Amino acid sequence: MPSVFSHAIAAVAIGGAAVAGSSRLAIWGLGALCSVVPDLDVVSLFFGLPYGHVLGHRGLSHSLLFAAVLASIVTAVARRSLAACPSTPRLWGFFFLATASHGLLDVMTNGGLGVAFFAPFSDTRYFLPWQPIVVSPISIRGLFSRRSLRVMRSELGWVGLPAGLIFLVGLAIQRRPGRSAVETRRGRAS
């Protein structure tokens, strides 16, 4: 898995391209949270569940179904809590992509058993044929080891730089000159 930092950075990049308006920072924060929630499944290891179990690491919590359910819950909370929100479909789409991006990054790593995108309907675990991201240690201690420097370098190149580019391009598109006042207001509302 990429580190928790890379998952959050990817979600904020998606938010920079998809969500504008006065509540965008709170929404980007919720998206970053959605992007790291799937890794809470590591607690299953402490309860003795095998890694490959549907409730194990990279199982159900990394599935597209989980991303859809979490997106629905977070969208409902955001719509009730934030004064200015994008439309419900845009908000849901962002939270879904933020959550699903977790599994997409995980299938690009060079370790683990793959991601069960279609759990609970299928136990099949997937990897991309191209796996350029060095897998991050699961433990906190492992995040601060010598190996973590190699992981950080890999994540900076394969996640951080592309995410930064997506974020900046998204912001530039949202703020492009020549937009009419109606388009600007519509952009802030969506």
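Check the entry above for the structure.
Residues numbered from 1 in each chain as written. Predicted model: local features only at pLDDT ≥ 70, side-chain atom pairs only at ≥ 80, totals over all residues. Heavy atoms only, no water.

Chemist: Looking at this structure, I do not really get the overall build of the protein chain. What am I missing?
Modeler: Tallying secondary structure elements over the protein chain gives eight helices and zero strands in all. Secondary structure of the protein chain in N-to-C order comes out as α-α-α-α-α-α-α-α. Within the protein chain, the proportion of its 190 residues that are buried is 44%. Restricting to contacts in the protein chain with at least 6 residues of sequence separation, those with at least 24 account for 65%. Accessible surface computed for the protein chain: about 10200 Å², of which carbon and sulfur atoms make up 71%. (Helix = DSSP H or I, 4+ residues; strand = E, 2+ residues; numbered from the N terminus. Buried < 20%, exposed > 50% of the residue type's maximum accessible area, 1.4 Å probe, protein only. Contact = heavy atoms within 4.5 Å. Areas by Shrake-Rupley, 256 points an atom, 1.4 Å probe, with all protein chains shown as cover.)

Chemist: Please explain the packing of helix 1 (residues 4–18) against helix 5 (residues 88–106) as it appears in this structure.
Modeler: Angle between the axes and distance between the axes are the two parameters that describe a pair of packed helices. Interaxial distance between helix 1 and helix 5 falls to 9 Å at its minimum, and their mutual angle equals 145°. Between helix 1 and helix 5 lies a crossing of right-handed hand. The segment helix 1 lies against helix 5, with Ser6, His7, Ala10, Ala11, Ile14, Gly15 and Ala18 engaging Arg90, Phe94, Leu97, Ala98, Ser101, His102, Leu105 and Asp106. Here the residues of the contact of helix 1 with helix 5 are counted per class, giving eight nonpolar, five polar and two charged. (Axes fitted to C-alpha atoms, helices over the stretch in contact; angles between N-to-C directions. Left-handed = near helix turned anticlockwise from the far one by under 90°. Nonpolar A, V, L, I, M, F, W, Y, C, P; charged D, E, K, R; others polar.)

Chemist: Could you clarify how one ought to interpret the nonpolar core in this entry?
Modeler: Among soluble globular proteins, nonpolar side chains are generally buried collectively. Counting residues in hydrophobic clusters, the biggest one holds 20 residues, and the most contacted among them are Ile27, Cys34, Ala78, Cys85, Leu91, Phe94 and Phe95. Counting only elements with at least two residues in this core, the list comes to helix 2 (24–36), helix 4 (64–81) and helix 5. Considering every element that reaches this core, the biggest residue donor is helix 5, with six residues. Residue contacts for Cys34: discarding those within four places in its chain leaves Leu70, Val74, Phe95, Ala98 and Thr99. (Core = buried A, V, L, I, M, F, W, Y, C linked by side-chain atoms within 4.5 Å.)

Chemist: So what exactly am I meant to see when it comes to the side chain of Asp41 here?
Modeler: Its location among the elements puts Asp41 in the loop between helix 2 and helix 3 (43–46). In this structure, Asp41 is buried with no salt-bridge partner, the nearest side chain bearing the opposite charge being Arg125 at 6.9 Å. A distance of 2.7 Å separates polar atoms of two side chains, one belonging to Asp41 and the other to His57. When near neighbours in sequence (up to four residues on either side) are disregarded, Asp41 contacts Leu55, Gly56, His57, Arg58, Gly59, Ser61 and His62. (Lys, Arg positive; Asp, Glu negative; His and termini not counted. Salt bridge = Lys/Arg side-chain N within 4 Å of Asp/Glu carboxyl O. Polar contact = N/O pair within 3.5 Å; in protein donor to acceptor, adjacent residues only side chain to side chain.)

Chemist: Explain the packing of aromatic side chains to me, please; I cannot follow it from the model alone.
Modeler: Counting across every chain of the model gives six aromatic pairs. Plain terms: the ring middles of Phe94 and Phe95 are 5.3 Å apart, the flat faces sit at 45° to each other, and that makes the pair tilted. Considering the side-chain rings of Phe117 and Tyr126, the 6.3 Å spacing of their centres and the 35° angle between planes classify their relative orientation as tilted. Of the aromatic side chains, those joined through ring pairs into one cluster are Phe117, Phe118 and Tyr126. (Phe/Tyr/Trp six-rings, centres within 6.5 Å; stacked < 30°, edge-to-face > 60°.)

Chemist: Is there a simple way to think about the pattern of salt bridges in this case?
Modeler: Close approach of charged atoms allows side chains with opposite charge to pair. Enumeration over the complete set of coordinates arrives at one salt bridge. Arg58 is paired through a salt bridge with Asp106; the nearest N and O atoms lie 3.5 Å apart. Linking Arg58 in the loop between helix 3 and helix 4 with Asp106 in helix 5, this pair joins segments that are 48 residues apart in sequence. Side by side, Arg58 and Asp106 carry an identical accessibility label, which is buried.

Chemist: Help me understand helix 2, please; the structure alone is not making it clear to me.
Modeler: Because each turn of an α-helix spans 3.6 residues, side chains separated by three or four positions end up pointing in the same direction. Over its 13 residues, helix 2 extends 19 Å from the first C-alpha to the last, a length consistent with the 18 Å expected when each residue adds 1.5 Å. Turning to helix 2, its buried residues are Ile27, Trp28, Gly31, Ala32, Cys34 and Ser35. End-on view of helix 2: buried residues confined to an arc of 160°, all on one side of the axis. (Expected span 1.5 Å × (residues − 1). Arc of directions from axis to C-beta.)

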